[in-house]
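# Structure assessment
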Amino acid sequence: MMLTASPLAESIRIRPRAVFVPEHSETTVQRFAFGYEIVIENDSDQPVTLTDRHWVIDHGNGCLKEVRGEGVVGEQPRILPGEQFAYRSGAVIESPAGRMWGDYGFVSDQGDVLRVTIPTFDLVAPAAFRTIQ
């Protein structure tokens, strides 16, 4: 899906960060758990409400899964100009290294509907790191 740029959409900043969660992982059966935090900043002059999410989860083994749903973590937050909303969630993948990306749907108080890209971020278990020679 191609997302069209608009000044309002470009004023919504998405900052993802992921961490490996060993206590919820079971590496012997290819279960690698990650927690992630998303910070959404509204740098526009209009309030926006996050209405839905679309994720693509790359398991790092050739398997891609898509997730769509309303809001995030059971909420459809309204984010005022100059404010931010942060939440934490998680994902389980089938290899020690994968990645996630997607987009959020928003609607402004004026009724403008927009989609904002979630930047790709890596899901990497520490054992997946190796020295490059």
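This text gives an overview of the structure that appears in the document. On a predicted model such as this, the values are computed, not experimentally measured, just so you know. (Residues numbered from 1 in each chain as written. Predicted model: local features only at pLDDT ≥ 70, side-chain atom pairs only at ≥ 80, totals over all residues. Heavy atoms only, no water.)

## A short note on the nonpolar core
Filter applied, for reference: We call a set of buried Ala, Val, Leu, Ile, Met, Phe, Trp, Tyr and Cys residues a nonpolar core when their side-chain atoms join them within 4.5 Å. Exposure categories follow from relative accessible area, calculated using a 1.4 Å probe and restricted to protein chains: below 20% of the type maximum is buried, above 50% is exposed, and the middle band is partly exposed. Secondary structure elements follow DSSP: runs of H or I no shorter than four residues count as helices, runs of E no shorter than two count as strands, and numbering proceeds from the N terminus.
Counting 28 residues, the largest nonpolar core has Ile38, Ile40, Trp55, Tyr87, Tyr104 and Phe106 as its most contacted members. If you list the elements that add at least two residues to this core, you get α1 (7-10), β1 (12-20), β2 (32-42), β3 (48-58), β6 (84-93), β7 (97-108) and β8 (113-124).

## Things to note about the pattern of salt bridges
Put simply, the test is: Salt bridges are counted wherever a side-chain nitrogen of Lys or Arg sits within 4 Å of a carboxyl oxygen of Asp or Glu.
In the structure shown here, the tally under the stated rule is nine salt bridges. Residue aspartate 43 is joined to arginine 13 by a salt bridge in which the shortest nitrogen-to-oxygen separation is 3.1 Å. Of this pair, aspartate 43 sits in the loop between β2 and β3 while arginine 13 is found in strand β1, placing the two residues 30 residues apart along the sequence. Where arginine 68 meets glutamate 66, a salt bridge forms, and the shortest distance between an N and an O atom there is 3.4 Å. Across the pair, glutamate 66 and arginine 68 agree in class, each one exposed.

## What about the environment of alanine 91?
Just so we agree on the cut-off: Residue contacts are defined here by distance: any two heavy atoms, one from each residue, within 4.5 Å place the two residues in contact.
Take alanine 91: it is sitting in strand β6. In this structure alanine 91 comes out as buried when scored by relative accessible area, which is 8%. The sequence separation of alanine 91 and threonine 28 amounts to 63 residues, and the corresponding C-alpha distance is 17 Å. Once residues within four sequence positions are removed from consideration, alanine 91 is found in contact with Phe32, Ala33, Phe34, Tyr36 and Met100.

## Things to note about the side chain of histidine 59
Note the cut-off: Polar contact is defined as a pair of N or O atoms within 3.5 Å, subject to the rule that within protein one atom must be able to donate a hydrogen and the other to accept it, and that residues adjacent in sequence are counted only when both atoms are side-chain atoms.
Looking at the secondary structure, you find histidine 59 in the loop between β3 and β4 (64-70). One polar contact links the side chain of histidine 59 to the main-chain amide nitrogen of glutamate 94, over a distance of 3.1 Å. Beyond its immediate chain neighbours, meaning those up to four positions away, histidine 59 contacts Lys65, Val92, Ile93, Glu94, Ser95, Ala97 and Gly98.

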